[in-house]
There are 2 protein chains.
Amino acid sequence: MRTFKKCRNGSYDFLNAKSRSRSIEHVARTGRPREFNKEQTLERALTLFWSRGYGATSIQDLVDALAVERGSLYGTFGDKRRFYLEAVRLYWEVYERHLIATLDTSPLLPALREILTHPARLDELVSDVGVPQGCLVGNTTAELVPQDGEATEIVTRSYRRFTDIVTDALSRAQAAGEVTDRAHPAAQAQMLLYLVQGLSLVSRAGLDKAAALAAIDAAVDGLRA
Amino acid sequence: MRTFKKCRNGSYDFLNAKSRSRSIEHVARTGRPREFNKEQTLERALTLFWSRGYGATSIQDLVDALAVERGSLYGTFGDKRRFYLEAVRLYWEVYERHLIATLDTSPLLPALREILTHPARLDELVSDVGVPQGCLVGNTTAELVPQDGEATEIVTRSYRRFTDIVTDALSRAQAAGEVTDRAHPAAQAQMLLYLVQGLSLVSRAGLDKAAALAAIDAAVDGLRA
DNA sequence: CTGACTTCTGTGCGTACGTTCAAGAAGTGC
DNA sequence: GCACTTCTTGAACGTACGCACAGAAGTCAG
(Lines give C-alpha, C1' and ligand atoms only; values in the text may rest on other atoms or scores of the structure.)
Protein backbone atom coordinates (compact mmCIF):
# COMPACT_ATOMS: atom_id res chain seq x y z
CA MET A 1 0.00 0.00 0.00
CA ARG A 2 3.04 2.17 0.21
CA THR A 3 6.48 2.43 -1.23
CA PHE A 4 9.47 4.03 0.34
CA LYS A 5 12.32 5.51 -1.58
CA LYS A 6 15.68 4.15 -0.59
CA CYS A 7 18.10 6.64 0.81
CA ARG A 8 21.71 6.80 -0.16
CA ASN A 9 22.73 4.97 3.00
CA GLY A 10 20.57 1.99 2.09
CA SER A 11 18.04 2.64 4.80
CA TYR A 12 14.58 4.03 4.20
CA ASP A 13 13.55 7.58 4.79
CA PHE A 14 10.59 6.86 7.01
CA LEU A 15 10.93 9.89 9.17
CA ASN A 16 11.23 13.48 8.18
CA ALA A 17 13.94 15.68 9.58
CA LYS A 18 11.68 17.11 12.25
CA SER A 19 10.74 13.90 14.00
CA ARG A 20 14.26 12.58 13.52
CA SER A 21 15.79 15.45 15.45
CA ARG A 22 13.34 14.72 18.24
CA SER A 23 15.32 11.58 18.98
CA ILE A 24 18.26 13.58 20.35
CA GLU A 25 16.29 14.52 23.42
CA HIS A 26 18.10 12.20 25.81
CA VAL A 27 20.73 14.86 26.26
CA ALA A 28 19.61 15.77 29.74
CA ARG A 29 19.23 12.14 30.82
CA THR A 30 21.68 10.37 33.04
CA GLY A 31 23.00 6.86 32.54
CA ARG A 32 24.79 5.12 29.73
CA PRO A 33 23.59 6.37 26.35
CA ARG A 34 22.06 3.99 23.83
CA GLU A 35 24.58 2.84 21.24
CA PHE A 36 22.11 2.37 18.42
CA ASN A 37 19.63 4.72 16.79
CA LYS A 38 16.17 3.87 18.06
CA GLU A 39 14.22 5.24 15.09
CA GLN A 40 16.55 3.71 12.55
CA THR A 41 16.33 0.36 14.28
CA LEU A 42 12.55 0.55 14.26
CA GLU A 43 12.62 1.33 10.55
CA ARG A 44 14.82 -1.64 9.82
CA ALA A 45 12.64 -3.89 11.93
CA LEU A 46 9.69 -2.59 9.99
CA THR A 47 11.15 -3.70 6.68
CA LEU A 48 11.83 -7.13 8.13
CA PHE A 49 8.35 -7.52 9.60
CA TRP A 50 6.96 -6.18 6.38
CA SER A 51 8.45 -8.79 4.15
CA ARG A 52 8.29 -11.81 6.42
CA GLY A 53 5.25 -11.19 8.53
CA TYR A 54 4.94 -11.20 12.30
CA GLY A 55 5.04 -14.92 13.03
CA ALA A 56 7.79 -15.76 10.59
CA THR A 57 10.12 -13.09 11.95
CA SER A 58 11.93 -14.41 15.00
CA ILE A 59 13.73 -12.40 17.62
CA GLN A 60 16.92 -13.98 16.39
CA ASP A 61 16.20 -12.70 12.88
CA LEU A 62 15.82 -9.23 14.31
CA VAL A 63 18.98 -9.49 16.37
CA ASP A 64 20.93 -10.57 13.29
CA ALA A 65 19.47 -7.99 10.95
CA LEU A 66 19.50 -5.04 13.32
CA ALA A 67 22.85 -5.74 14.95
CA VAL A 68 21.27 -5.10 18.31
CA GLU A 69 21.34 -7.66 21.10
CA ARG A 70 18.18 -9.28 22.45
CA GLY A 71 18.36 -7.58 25.80
CA SER A 72 18.64 -4.15 24.23
CA LEU A 73 15.66 -4.80 22.03
CA TYR A 74 13.56 -5.89 24.97
CA GLY A 75 14.74 -2.97 27.04
CA THR A 76 13.95 -0.46 24.33
CA PHE A 77 10.85 -1.79 22.63
CA GLY A 78 9.32 -4.27 25.05
CA ASP A 79 8.39 -7.68 23.76
CA LYS A 80 8.07 -8.79 20.17
CA ARG A 81 4.38 -8.00 19.83
CA ARG A 82 4.82 -4.46 21.10
CA PHE A 83 7.79 -4.00 18.78
CA TYR A 84 5.73 -5.11 15.83
CA LEU A 85 2.75 -2.94 16.65
CA GLU A 86 5.05 0.03 17.00
CA ALA A 87 6.39 -0.69 13.52
CA VAL A 88 2.86 -0.87 12.14
CA ARG A 89 2.04 2.46 13.73
CA LEU A 90 5.11 4.03 12.16
CA TYR A 91 4.26 2.51 8.80
CA TRP A 92 0.82 4.00 8.82
CA GLU A 93 2.00 7.36 10.08
CA VAL A 94 4.31 7.71 7.10
CA TYR A 95 1.73 6.44 4.64
CA GLU A 96 -0.92 8.80 5.91
CA ARG A 97 1.37 11.80 5.56
CA HIS A 98 2.04 10.76 1.99
CA LEU A 99 -1.65 10.24 1.31
CA ILE A 100 -2.65 13.66 2.55
CA ALA A 101 0.12 15.40 0.66
CA THR A 102 -0.66 13.62 -2.59
CA LEU A 103 -4.41 14.21 -2.51
CA ASP A 104 -4.11 17.90 -1.69
CA THR A 105 -4.38 18.86 -5.35
CA SER A 106 -6.72 19.44 -8.24
CA PRO A 107 -7.64 17.68 -10.45
CA LEU A 108 -7.95 14.80 -8.04
CA LEU A 109 -8.21 11.75 -10.28
CA PRO A 110 -4.56 11.70 -11.42
CA ALA A 111 -3.46 11.95 -7.79
CA LEU A 112 -5.85 9.19 -6.86
CA ARG A 113 -4.42 7.10 -9.62
CA GLU A 114 -0.96 7.64 -8.24
CA ILE A 115 -2.06 6.51 -4.79
CA LEU A 116 -3.57 3.39 -6.23
CA THR A 117 -0.61 2.56 -8.43
CA HIS A 118 1.82 2.82 -5.56
CA PRO A 119 1.69 -0.87 -4.72
CA ALA A 120 2.20 -1.61 -8.40
CA ARG A 121 5.55 0.15 -8.52
CA LEU A 122 7.47 -3.04 -8.29
CA ASP A 123 10.84 -1.45 -8.98
CA GLU A 124 10.60 0.68 -5.88
CA LEU A 125 9.23 -2.03 -3.65
CA VAL A 126 12.29 -3.79 -2.40
CA SER A 127 12.34 -6.26 0.43
CA ASP A 128 15.02 -8.56 1.75
CA VAL A 129 13.56 -11.32 -0.36
CA GLY A 130 13.25 -9.14 -3.41
CA VAL A 131 9.49 -9.18 -3.78
CA PRO A 132 6.72 -6.75 -2.96
CA GLN A 133 5.27 -7.13 0.49
CA GLY A 134 1.83 -5.60 0.19
CA CYS A 135 0.57 -3.22 2.84
CA LEU A 136 1.79 -3.82 6.37
CA VAL A 137 -1.58 -2.85 7.79
CA GLY A 138 -3.28 -5.32 5.45
CA ASN A 139 -0.81 -8.04 6.36
CA THR A 140 -1.49 -7.36 10.01
CA THR A 141 -5.19 -7.67 9.34
CA ALA A 142 -4.68 -11.08 7.86
CA GLU A 143 -2.27 -12.40 10.45
CA LEU A 144 -3.07 -10.84 13.81
CA VAL A 145 -6.68 -9.82 13.59
CA PRO A 146 -8.94 -11.03 15.14
CA GLN A 147 -6.87 -12.63 17.86
CA ASP A 148 -5.27 -9.39 18.94
CA GLY A 149 -7.41 -6.55 20.19
CA GLU A 150 -4.72 -3.91 20.04
CA ALA A 151 -3.78 -4.87 16.48
CA THR A 152 -7.43 -4.71 15.51
CA GLU A 153 -7.64 -1.24 16.96
CA ILE A 154 -4.62 0.02 15.02
CA VAL A 155 -5.84 -1.54 11.80
CA THR A 156 -9.37 -0.24 12.19
CA ARG A 157 -8.18 3.25 12.94
CA SER A 158 -5.87 3.22 9.91
CA TYR A 159 -8.67 2.16 7.59
CA ARG A 160 -10.90 4.80 9.06
CA ARG A 161 -8.28 7.49 8.54
CA PHE A 162 -7.85 6.41 4.92
CA THR A 163 -11.54 6.61 4.12
CA ASP A 164 -11.91 9.92 5.96
CA ILE A 165 -9.07 11.52 4.03
CA VAL A 166 -10.20 10.15 0.68
CA THR A 167 -13.82 11.04 1.36
CA ASP A 168 -12.85 14.66 1.95
CA ALA A 169 -10.91 14.78 -1.27
CA LEU A 170 -13.73 13.16 -3.23
CA SER A 171 -16.26 15.59 -1.80
CA ARG A 172 -14.23 18.46 -3.13
CA ALA A 173 -13.83 16.77 -6.49
CA GLN A 174 -17.54 16.07 -6.72
CA ALA A 175 -18.28 19.70 -5.95
CA ALA A 176 -15.86 20.69 -8.68
CA GLY A 177 -17.65 18.42 -11.12
CA GLU A 178 -14.63 16.19 -11.65
CA VAL A 179 -16.03 13.09 -9.97
CA THR A 180 -19.45 11.62 -10.55
CA ASP A 181 -22.03 12.14 -7.83
CA ARG A 182 -23.91 8.96 -8.62
CA ALA A 183 -22.45 7.61 -5.38
CA HIS A 184 -21.63 9.27 -2.09
CA PRO A 185 -17.98 10.22 -1.57
CA ALA A 186 -17.87 7.91 1.45
CA ALA A 187 -18.97 4.94 -0.65
CA GLN A 188 -16.41 5.76 -3.31
CA ALA A 189 -13.69 6.10 -0.69
CA GLN A 190 -14.62 2.77 0.84
CA MET A 191 -14.44 1.22 -2.60
CA LEU A 192 -10.97 2.66 -3.10
CA LEU A 193 -9.84 1.29 0.25
CA TYR A 194 -10.91 -2.19 -0.82
CA LEU A 195 -9.23 -1.72 -4.15
CA VAL A 196 -5.87 -0.62 -2.82
CA GLN A 197 -5.87 -3.27 -0.12
CA GLY A 198 -6.75 -5.94 -2.62
CA LEU A 199 -4.07 -4.80 -5.00
CA SER A 200 -1.46 -4.74 -2.25
CA LEU A 201 -2.41 -8.21 -1.14
CA VAL A 202 -2.62 -9.84 -4.54
CA SER A 203 0.66 -8.20 -5.55
CA ARG A 204 2.45 -10.23 -2.92
CA ALA A 205 1.87 -13.31 -5.02
CA GLY A 206 3.38 -11.71 -8.08
CA LEU A 207 2.13 -8.85 -10.16
CA ASP A 208 1.29 -8.39 -13.80
CA LYS A 209 2.02 -4.69 -13.91
CA ALA A 210 0.09 -3.97 -17.09
CA ALA A 211 -2.96 -5.83 -15.84
CA ALA A 212 -2.82 -4.00 -12.52
CA LEU A 213 -2.62 -0.60 -14.19
CA ALA A 214 -5.49 -1.46 -16.50
CA ALA A 215 -7.58 -2.50 -13.54
CA ILE A 216 -6.82 0.72 -11.71
CA ASP A 217 -7.73 2.76 -14.76
CA ALA A 218 -10.98 0.87 -15.06
CA ALA A 219 -11.84 1.78 -11.47
CA VAL A 220 -10.79 5.42 -11.78
CA ASP A 221 -12.73 5.79 -15.02
CA GLY A 222 -15.78 4.60 -13.15
CA LEU A 223 -15.44 7.59 -10.86
CA ARG A 224 -15.23 10.17 -13.64
CA ALA A 225 -18.16 12.54 -13.93
CA MET B 1 -14.35 -14.22 -0.15
CA ARG B 2 -16.75 -17.06 0.43
CA THR B 3 -19.45 -18.03 2.79
CA PHE B 4 -20.59 -21.50 3.62
CA LYS B 5 -24.03 -22.37 4.84
CA LYS B 6 -24.04 -24.32 8.03
CA CYS B 7 -25.55 -27.80 7.82
CA ARG B 8 -27.93 -29.19 10.37
CA ASN B 9 -25.13 -31.15 12.02
CA GLY B 10 -23.16 -27.98 12.65
CA SER B 11 -20.53 -28.82 10.09
CA TYR B 12 -20.18 -27.05 6.77
CA ASP B 13 -21.33 -28.39 3.44
CA PHE B 14 -18.07 -27.98 1.60
CA LEU B 15 -18.44 -30.97 -0.62
CA ASN B 16 -21.30 -31.91 -2.85
CA ALA B 17 -22.87 -35.35 -2.71
CA LYS B 18 -20.81 -36.68 -5.58
CA SER B 19 -17.37 -36.07 -4.16
CA ARG B 20 -18.60 -37.07 -0.73
CA SER B 21 -19.63 -40.53 -1.89
CA ARG B 22 -16.17 -40.95 -3.34
CA SER B 23 -14.86 -41.14 0.20
CA ILE B 24 -16.44 -44.53 0.78
CA GLU B 25 -13.95 -46.17 -1.50
CA HIS B 26 -11.93 -47.84 1.22
CA VAL B 27 -14.41 -50.70 1.27
CA ALA B 28 -12.19 -53.10 -0.64
CA ARG B 29 -9.07 -52.19 1.30
CA THR B 30 -7.59 -54.33 4.02
CA GLY B 31 -6.32 -53.14 7.38
CA ARG B 32 -7.94 -51.34 10.23
CA PRO B 33 -10.42 -48.84 8.91
CA ARG B 34 -10.04 -45.18 9.63
CA GLU B 35 -12.25 -44.18 12.52
CA PHE B 36 -12.78 -40.57 11.40
CA ASN B 37 -14.15 -39.07 8.22
CA LYS B 38 -11.26 -37.72 6.20
CA GLU B 39 -13.22 -35.11 4.27
CA GLN B 40 -15.11 -33.93 7.31
CA THR B 41 -11.88 -33.63 9.25
CA LEU B 42 -10.34 -31.60 6.46
CA GLU B 43 -13.36 -29.32 6.47
CA ARG B 44 -13.12 -28.77 10.18
CA ALA B 45 -9.40 -28.13 9.94
CA LEU B 46 -10.20 -25.63 7.20
CA THR B 47 -12.47 -23.63 9.46
CA LEU B 48 -9.80 -23.59 12.14
CA PHE B 49 -7.04 -22.53 9.77
CA TRP B 50 -9.41 -20.03 8.28
CA SER B 51 -10.11 -18.16 11.46
CA ARG B 52 -6.74 -18.43 13.18
CA GLY B 53 -4.29 -18.50 10.31
CA TYR B 54 -1.55 -21.00 9.62
CA GLY B 55 1.04 -20.02 12.18
CA ALA B 56 -1.36 -19.44 15.03
CA THR B 57 -2.98 -22.86 14.62
CA SER B 58 -0.90 -25.47 16.39
CA ILE B 59 -1.05 -29.20 15.89
CA GLN B 60 -2.40 -29.42 19.40
CA ASP B 61 -5.22 -27.06 18.46
CA LEU B 62 -6.09 -29.33 15.58
CA VAL B 63 -5.93 -32.47 17.71
CA ASP B 64 -8.25 -30.89 20.25
CA ALA B 65 -10.72 -29.46 17.75
CA LEU B 66 -10.84 -32.42 15.38
CA ALA B 67 -10.82 -35.17 18.01
CA VAL B 68 -8.16 -36.97 15.98
CA GLU B 69 -4.80 -37.94 17.42
CA ARG B 70 -1.56 -36.42 16.18
CA GLY B 71 -0.32 -39.65 14.66
CA SER B 72 -3.50 -40.13 12.69
CA LEU B 73 -3.30 -36.62 11.31
CA TYR B 74 0.28 -37.09 10.20
CA GLY B 75 -0.52 -40.46 8.70
CA THR B 76 -3.50 -39.16 6.77
CA PHE B 77 -2.50 -35.66 5.75
CA GLY B 78 1.26 -35.50 6.04
CA ASP B 79 2.75 -32.61 7.96
CA LYS B 80 1.08 -29.41 9.01
CA ARG B 81 2.02 -27.43 5.95
CA ARG B 82 0.65 -30.06 3.60
CA PHE B 83 -2.51 -30.26 5.66
CA TYR B 84 -2.98 -26.52 5.41
CA LEU B 85 -2.33 -26.34 1.69
CA GLU B 86 -4.84 -29.14 1.17
CA ALA B 87 -7.39 -27.10 3.08
CA VAL B 88 -6.68 -24.06 0.93
CA ARG B 89 -7.14 -26.15 -2.20
CA LEU B 90 -10.47 -27.42 -0.94
CA TYR B 91 -11.52 -23.92 -0.03
CA TRP B 92 -10.84 -22.62 -3.49
CA GLU B 93 -12.41 -25.61 -5.21
CA VAL B 94 -15.69 -24.92 -3.44
CA TYR B 95 -15.51 -21.21 -4.04
CA GLU B 96 -14.78 -21.62 -7.71
CA ARG B 97 -17.73 -23.93 -8.17
CA HIS B 98 -19.91 -21.33 -6.53
CA LEU B 99 -18.44 -18.56 -8.65
CA ILE B 100 -19.09 -20.34 -11.92
CA ALA B 101 -22.61 -21.30 -10.99
CA THR B 102 -23.51 -17.80 -9.85
CA LEU B 103 -22.13 -15.98 -12.89
CA ASP B 104 -23.78 -18.31 -15.39
CA THR B 105 -26.74 -15.99 -15.79
CA SER B 106 -28.03 -12.86 -17.46
CA PRO B 107 -28.15 -10.03 -16.55
CA LEU B 108 -24.71 -10.33 -15.05
CA LEU B 109 -24.43 -7.30 -12.79
CA PRO B 110 -26.82 -8.55 -10.07
CA ALA B 111 -24.93 -11.83 -9.97
CA LEU B 112 -21.65 -9.97 -9.79
CA ARG B 113 -23.02 -7.93 -6.96
CA GLU B 114 -23.91 -11.09 -5.12
CA ILE B 115 -20.39 -12.44 -5.53
CA LEU B 116 -18.95 -9.21 -4.19
CA THR B 117 -21.32 -9.01 -1.26
CA HIS B 118 -20.56 -12.52 -0.14
CA PRO B 119 -17.82 -11.47 2.26
CA ALA B 120 -20.19 -8.85 3.63
CA ARG B 121 -22.73 -11.44 4.74
CA LEU B 122 -21.62 -11.31 8.30
CA ASP B 123 -24.50 -13.39 9.60
CA GLU B 124 -23.43 -16.38 7.54
CA LEU B 125 -19.73 -16.03 8.18
CA VAL B 126 -19.21 -17.83 11.44
CA SER B 127 -15.86 -18.85 12.82
CA ASP B 128 -14.85 -20.28 16.13
CA VAL B 129 -14.15 -16.80 17.34
CA GLY B 130 -17.39 -15.43 15.99
CA VAL B 131 -16.00 -13.03 13.43
CA PRO B 132 -15.53 -13.07 9.69
CA GLN B 133 -12.26 -14.50 8.52
CA GLY B 134 -11.78 -13.02 5.10
CA CYS B 135 -10.75 -15.19 2.18
CA LEU B 136 -8.51 -18.12 3.01
CA VAL B 137 -6.59 -17.63 -0.21
CA GLY B 138 -6.06 -13.98 0.64
CA ASN B 139 -4.97 -14.86 4.16
CA THR B 140 -2.53 -17.36 2.73
CA THR B 141 -1.17 -14.67 0.46
CA ALA B 142 -0.48 -12.44 3.41
CA GLU B 143 1.00 -15.09 5.69
CA LEU B 144 2.79 -17.71 3.58
CA VAL B 145 3.67 -15.94 0.35
CA PRO B 146 6.44 -15.21 -0.55
CA GLN B 147 8.29 -17.66 1.67
CA ASP B 148 6.48 -20.70 0.37
CA GLY B 149 6.69 -21.59 -3.30
CA GLU B 150 3.89 -24.11 -3.26
CA ALA B 151 1.57 -21.73 -1.46
CA THR B 152 2.42 -19.05 -3.98
CA GLU B 153 1.53 -21.43 -6.76
CA ILE B 154 -1.86 -22.28 -5.30
CA VAL B 155 -2.65 -18.65 -4.63
CA THR B 156 -1.56 -17.48 -8.06
CA ARG B 157 -3.55 -20.18 -9.78
CA SER B 158 -6.64 -19.30 -7.75
CA TYR B 159 -6.41 -15.63 -8.65
CA ARG B 160 -5.91 -16.53 -12.26
CA ARG B 161 -8.95 -18.78 -12.27
CA PHE B 162 -11.02 -16.00 -10.75
CA THR B 163 -10.04 -13.44 -13.36
CA ASP B 164 -10.49 -15.95 -16.18
CA ILE B 165 -14.00 -16.85 -15.08
CA VAL B 166 -15.04 -13.27 -14.47
CA THR B 167 -13.46 -12.08 -17.72
CA ASP B 168 -15.53 -14.60 -19.65
CA ALA B 169 -18.69 -13.45 -17.97
CA LEU B 170 -17.89 -9.79 -18.55
CA SER B 171 -17.15 -10.41 -22.21
CA ARG B 172 -20.59 -11.84 -22.66
CA ALA B 173 -22.15 -8.97 -20.73
CA GLN B 174 -20.26 -6.40 -22.80
CA ALA B 175 -21.45 -8.08 -26.00
CA ALA B 176 -24.98 -7.94 -24.64
CA GLY B 177 -24.60 -4.23 -23.97
CA GLU B 178 -25.07 -4.62 -20.24
CA VAL B 179 -21.52 -3.69 -19.22
CA THR B 180 -19.55 -0.72 -20.50
CA ASP B 181 -16.81 -1.43 -23.00
CA ARG B 182 -14.73 1.56 -21.95
CA ALA B 183 -12.37 -0.99 -20.41
CA HIS B 184 -11.39 -4.48 -21.43
CA PRO B 185 -13.16 -7.31 -19.63
CA ALA B 186 -9.83 -8.53 -18.32
CA ALA B 187 -9.11 -5.17 -16.72
CA GLN B 188 -12.56 -5.07 -15.18
CA ALA B 189 -12.13 -8.60 -13.87
CA GLN B 190 -8.77 -7.74 -12.35
CA MET B 191 -10.37 -4.74 -10.69
CA LEU B 192 -13.08 -6.97 -9.24
CA LEU B 193 -10.47 -9.38 -7.91
CA TYR B 194 -8.78 -6.56 -6.07
CA LEU B 195 -12.12 -5.35 -4.80
CA VAL B 196 -13.30 -8.66 -3.41
CA GLN B 197 -9.92 -9.45 -1.89
CA GLY B 198 -9.75 -6.03 -0.28
CA LEU B 199 -13.26 -6.37 1.06
CA SER B 200 -12.52 -9.80 2.49
CA LEU B 201 -9.38 -8.57 4.14
CA VAL B 202 -10.73 -5.36 5.58
CA SER B 203 -13.82 -7.19 6.82
CA ARG B 204 -11.66 -9.19 9.17
CA ALA B 205 -11.12 -6.08 11.22
CA GLY B 206 -14.82 -5.45 11.54
CA LEU B 207 -17.35 -4.51 8.92
CA ASP B 208 -19.76 -1.65 8.50
CA LYS B 209 -22.23 -3.56 6.40
CA ALA B 210 -23.99 -0.54 4.95
CA ALA B 211 -20.72 1.12 4.00
CA ALA B 212 -19.51 -2.07 2.36
CA LEU B 213 -22.67 -2.46 0.31
CA ALA B 214 -22.52 1.16 -0.77
CA ALA B 215 -18.93 0.70 -1.88
CA ILE B 216 -19.82 -2.40 -3.86
CA ASP B 217 -22.69 -0.60 -5.53
CA ALA B 218 -20.39 2.26 -6.44
CA ALA B 219 -18.03 -0.18 -8.13
CA VAL B 220 -20.77 -2.11 -9.92
CA ASP B 221 -22.37 1.13 -11.11
CA GLY B 222 -19.06 2.05 -12.65
CA LEU B 223 -19.30 -1.06 -14.82
CA ARG B 224 -22.77 -0.31 -16.13
CA ALA B 225 -23.02 0.54 -19.82
C1' DC C 1 -7.13 -69.47 12.66
C1' DT C 2 -3.37 -67.14 10.78
C1' DG C 3 -0.70 -63.84 8.64
C1' DA C 4 -0.47 -59.56 6.14
C1' DC C 5 -1.81 -55.12 6.36
C1' DT C 6 -3.55 -50.66 7.94
C1' DT C 7 -4.78 -47.45 11.32
C1' DC C 8 -4.91 -45.84 16.22
C1' DT C 9 -2.80 -44.21 20.47
C1' DG C 10 0.24 -41.85 23.26
C1' DT C 11 4.78 -41.17 24.61
C1' DG C 12 9.13 -39.13 23.63
C1' DC C 13 12.67 -36.48 21.08
C1' DG C 14 15.11 -32.56 19.37
C1' DT C 15 14.64 -27.94 18.29
C1' DA C 16 13.55 -23.24 18.13
C1' DC C 17 11.11 -19.90 20.14
C1' DG C 18 10.07 -15.68 23.25
C1' DT C 19 11.58 -14.01 27.34
C1' DT C 20 14.33 -13.13 31.59
C1' DC C 21 18.27 -12.15 34.26
C1' DA C 22 22.71 -11.12 36.31
C1' DA C 23 26.96 -9.03 35.80
C1' DG C 24 29.64 -5.75 33.69
C1' DA C 25 30.42 -1.47 30.86
C1' DA C 26 29.70 3.32 29.94
C1' DG C 27 28.07 7.25 30.66
C1' DT C 28 26.03 11.60 33.99
C1' DG C 29 25.68 14.83 37.89
C1' DC C 30 27.25 16.35 42.35
C1' DG D 1 35.89 10.46 42.38
C1' DC D 2 31.81 8.57 43.88
C1' DA D 3 26.99 7.34 43.61
C1' DC D 4 23.58 6.55 40.40
C1' DT D 5 21.38 5.35 36.17
C1' DT D 6 21.04 3.20 31.88
C1' DC D 7 22.57 0.17 28.32
C1' DT D 8 25.08 -4.13 26.73
C1' DT D 9 26.08 -8.80 26.64
C1' DG D 10 25.44 -13.55 26.58
C1' DA D 11 23.89 -17.28 28.88
C1' DA D 12 19.92 -19.66 30.58
C1' DC D 13 15.02 -20.89 31.20
C1' DG D 14 10.64 -22.77 30.32
C1' DT D 15 7.58 -23.77 26.84
C1' DA D 16 5.47 -25.25 22.79
C1' DC D 17 6.23 -26.83 18.65
C1' DG D 18 6.56 -30.29 14.61
C1' DC D 19 7.48 -34.82 14.09
C1' DA D 20 8.75 -39.91 14.72
C1' DC D 21 7.96 -44.28 16.56
C1' DA D 22 6.55 -48.56 18.86
C1' DG D 23 2.99 -51.31 20.29
C1' DA D 24 -2.05 -52.16 20.42
C1' DA D 25 -6.26 -52.75 17.79
C1' DG D 26 -8.90 -53.86 14.04
C1' DT D 27 -9.89 -56.01 9.10
C1' DC D 28 -9.58 -59.08 5.37
C1' DA D 29 -7.88 -63.06 2.36
C1' DG D 30 -6.95 -67.73 2.35
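Reading guide: rules and limits
Residues numbered from 1 in each chain as written. Chains lettered and ligands numbered in written order. Predicted model: local features only at pLDDT ≥ 70, side-chain atom pairs only at ≥ 80, totals over all residues. Heavy atoms only, no water. Helix = DSSP H or I, 4+ residues; strand = E, 2+ residues; numbered from the N terminus. Buried < 20%, exposed > 50% of the residue type's maximum accessible area, 1.4 Å probe, protein only. Polar contact = N/O pair within 3.5 Å; in protein donor to acceptor, adjacent residues only side chain to side chain. Contact = heavy atoms within 4.5 Å. Expected span 1.5 Å × (residues − 1). Salt bridge = Lys/Arg side-chain N within 4 Å of Asp/Glu carboxyl O. Near = heavy atom within 4 Å. Nonpolar A, V, L, I, M, F, W, Y, C, P; charged D, E, K, R; others polar. Core = buried A, V, L, I, M, F, W, Y, C linked by side-chain atoms within 4.5 Å. Phe/Tyr/Trp six-rings, centres within 6.5 Å; stacked < 30°, edge-to-face > 60°. Lys NZ or Arg CZ within 6 Å of the ring centre and 35° of its normal. Least-squares fit on C-alpha atoms with pLDDT ≥ 70 in both. pLDDT = per-residue confidence, 0-100.

S.K.: I'd like a rundown of unusual backbone geometry, residues and numbers included.
M.R.: Most peptide bonds take the trans configuration, and most residues that are not glycine carry a negative phi. Residues and elements named next belong to chain A. Pro107 follows Ser106 through a cis peptide bond whose omega is 5 degrees. As for its position among the elements, Pro107 is in the loop between helix 5 (80-103) and helix 6 (108-117). In this model, Ala67 sits at a positive phi of 60 degrees, which is unusual for a non-glycine residue. Position of Ala67 among the secondary structure elements: in the loop between helix 3 (59-66) and helix 4 (70-77). Here Ala67 falls in the exposed class, since its relative accessible area comes to 69%.

S.K.: Before we move on, can you summarise the side chain of Thr141 of chain A with the specific residues and values?
M.R.: Within the secondary structure layout, Thr141 of chain A lies in helix 7 (residues 136-143). Side chain to side chain, Thr141 of chain A and Tyr159 of chain A meet in a polar contact 2.7 Å long. Ignoring any residue separated from it by four or fewer positions in sequence, one finds Thr141 of chain A in contact with Val155 and Tyr159 of chain A together with Leu201, Arg204 and Ala205 of chain B.

S.K.: Any chance you could break down helix 2 (residues 38-52) of chain B for me, citing the residues and the numbers?
M.R.: When the terminal C-alpha atoms of helix 2 of chain B are compared, their 21 Å separation across 15 residues agrees well with the 21 Å that a helix rising 1.5 Å per residue should span. The N-cap residue of helix 2 of chain B is Asn37 of chain B: its side-chain oxygen and the backbone nitrogen of Glu39 of chain B are 2.9 Å apart.

S.K.: I'd like a description of the pattern of salt bridges, backed by residues and values.
M.R.: Close approach of charged atoms allows side chains of opposite charge to pair. All names here are of chain B. For the structure shown, the criterion picks out 23 salt bridges over all chains. The partner of Arg81 in a salt bridge is Glu150, and the shortest N-O contact between them spans 3.1 Å. Here the residue Arg81 occupies a position in helix 5 (residues 80-103), and Glu150 occupies one in helix 8 (residues 149-175), the gap between them amounting to 69 residues. For Arg81, a relative accessible area of 26% corresponds to the partly exposed category. A residue is classified by how much of its surface remains accessible, and Glu150, at 23% relative accessible area, is partly exposed. The residue Arg224 makes a salt bridge to Asp221 at a minimum N-O spacing of 2.9 Å.

S.K.: I'd love a proper account of the protein's contact with DNA strand D, names of residues and values included.
M.R.: Near DNA strand D you find 23 residues, and of these Gly31 of chain A together with Ile59, Arg70, Tyr74 and Lys80 of chain B are the closest. In DNA strand D, the atoms that sit within 4 Å of the protein are 69% sugar and phosphate, with bases accounting for the remainder. With respect to DNA strand D, the side chain of Arg34 of chain A contributes an N or O atom lying 3.4 Å from a phosphate oxygen. Between DNA strand D and the protein, one listed contact pairs a phosphate oxygen with a side-chain N or O atom of Lys80 of chain B at 2.8 Å. Residue contributions to the surface near DNA strand D peak at three residues, all from helix 4 of chain A. Residue composition of the surface near DNA strand D, by class: five nonpolar, eight polar and 10 charged.

S.K.: Quick one: what's the story with the nonpolar core, residue by residue and with numbers?
M.R.: Counting 136 residues, the largest nonpolar core has Leu103 of chain A together with Leu103 of chain B as its most contacted members. If sequence neighbours within four positions are ignored, Leu103 of chain A has contacts with Leu108, Ala111, Leu112, Ile115, Ile165, Val166, Ala169 and Arg172 of chain A.

S.K.: I'd like a description of the packing of aromatic side chains, backed by residues and values.
M.R.: Residues and elements named next belong to chain A. Within this structure, the stated rule accounts for 14 aromatic pairs over all chains. Aromatic rings pair up to connect Phe49, Tyr54, Phe77, Phe83 and Tyr84 into one cluster. Taking the ring centre of Phe36 as reference, the NZ or CZ of Arg34 above it sits at 5.8 Å.

S.K.: An account of the relation of the copies chain B and chain A is needed here, citing residue identities and associated values.
M.R.: For these two chains of identical sequence, chain B goes onto chain A by a turn of 180 degrees and a shift of 0.0 Å along the axis, with RMSD 0.1 Å. Within this description, the copies of the chain are treated as partners about a two-fold rotation axis. Most of the interface of chain B is mirrored in chain A: 100% of its interface residues are interface residues there too.

S.K.: Would you mind going over the protein's contact with DNA strand C in detail, with residue names and values included?
M.R.: Near DNA strand C you find 24 residues, and of these Ile59, Arg70 and Lys80 of chain A together with Arg32 and Glu35 of chain B are the closest. For DNA strand C, a base oxygen lies 2.8 Å from a polar atom in the side chain of Arg70 of chain A. Measuring from a phosphate oxygen of DNA strand C, one finds a side-chain N or O atom of Tyr74 of chain A at 3.0 Å. Contributions of two or more residues to the surface near DNA strand C are made by helix 4 of chain A together with helix 4 (70-77) of chain B. For the surface near DNA strand C, the element with the highest residue contribution is helix 4 of chain B, accounting for three residues.

S.K.: Which residues make up the confidence of the model for chain A, and what are the values?
M.R.: All names here are of chain A. Looking at chain A as a whole, the pLDDT averages 83, with 81% of positions reaching at least 70. Across chain A, the element-wise mean pLDDT spans from 39 in helix 1 (residues 17-21) up to 96 in helix 8 (residues 149-175). Predicted confidence for residues 1-12 stays below pLDDT 50, and this span has 40 contacts to residues more than four positions away or in other chains. Taken together, the stretch residues 122-131 has pLDDT below 50 and engages in 25 contacts with residues farther than four places along the chain or on a different chain.

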